[in-house]
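Chain by chain, the residues run as shown.
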Amino acid sequence: QGCRQLLIEACNLRSALAGIRTILGNEITMRDCVVSGAGDIGYDIQGAMGTPSTGISVIDSIANNCASHGVCTNFVDNPTFSDMTVTENGGDGFHLANTDNALLCNDTAHANAGADVFIDATCNDTSIYEGCIDEANIVDNGTNTDIFLEKEAFQKIYDKLDNL
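Asks: How should I be thinking about the overall build of the protein in this particular structure?
Replies: The helix and strand inventory of the protein stands at 1 helix and 18 strands. The burial tally for the protein puts 42% of its 164 residues in the buried class. In the protein, once contacts between residues fewer than 6 apart in sequence are set aside, the share between residues at least 24 apart is 38%. Total accessible area on the protein is roughly 7,800 Å²; 47% of this is exposed by carbon and sulfur atoms.

Asks: I would appreciate a short explanation of the confidence of the model for the protein in the present structure.
Replies: Note: predicted coordinates in regions of low pLDDT should not be interpreted at a detailed level. In the predicted model, the protein carries a mean pLDDT of 83, and the fraction of residues at 70 or more is 78%. Considering only residues more than four positions removed or in separate chains, one finds that residues 140-154, a stretch of pLDDT under 50, has 42 contacts.

Asks: I keep staring at the side chain of Asp44 and nothing clicks. Help me out?
Replies: Note on placement: Asp44 falls in strand S6 (residues 43-46). When neighbours within four sequence positions are excluded, Asp44 is seen to be in contact with Ile20, Arg21, Thr22 and Cys72.

Asks: Would you explain the sheet that holds strand S5 (residues 34-36) in this entry?
Replies: Sheet strands associate in pairs through backbone hydrogen bonding, adopting either a parallel or an antiparallel arrangement. Reading across from one edge, S2-S5-S8-S11-S14 is the order of the 5 strands in this open sheet, with parallel pairing throughout. Each edge of the open sheet carries a strand with a single partner, namely strand S2 (12-14) and strand S14 (108-110). Averaged over all pairs of adjacent strands, the angle between their axes in this sheet comes to 5°, without regard to strand direction. Of the strand pairs in this sheet, S5 and strand S8 (residues 62-64) are connected by 3 bridges, and their pairing is parallel.

Parameters and conventions
- Residues numbered from 1 in each chain as written.
- Predicted model: local features only at pLDDT ≥ 70, side-chain atom pairs only at ≥ 80, totals over all residues.
- Heavy atoms only, no water.
- Helix = DSSP H or I, 4+ residues; strand = E, 2+ residues; numbered from the N terminus.
- Buried < 20%, exposed > 50% of the residue type's maximum accessible area, 1.4 Å probe, protein only.
- Contact = heavy atoms within 4.5 Å.
- Areas by Shrake-Rupley, 256 points an atom, 1.4 Å probe, with all protein chains shown as cover.
- pLDDT = per-residue confidence, 0-100.
- Pairing = 2+ DSSP bridges.
- Axes fitted to C-alpha atoms, helices over the stretch in contact; angles between N-to-C directions.

Structural data, given as structure tokens:
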């Protein structure tokens, strides 16, 4: 809780009661980690109203078969999720709430019990680049959320939409 400039690397949690949780963290990087079969959320990144966690990165990591969401953010600014595989979790793959300027880059999310990517109405300026969203379930429940999909990465989806 309240950590700054922390690197968690090559962490392997299997069938643990909970995954990796950060509360009020700043400049934290989780790299090459595996959370599998956690009894709760895989990567739980929390801030607080008025005191968001900032600069959190999860890179080249996996969240699968967790009882709840694979990745969950609440009151977080500028998180980056890159080259992640988030599959077969009991909740959403990525669950973003009260999170601003999130970047999902080259992530794979599929076969989660909830949405593969869920973006709450409290989020602003989410960007998704080069992800595997073909057949993924992306839910945007917000009126103030912008989801940017890089056209070149999703040409097949754009073509299908144009043909409707």
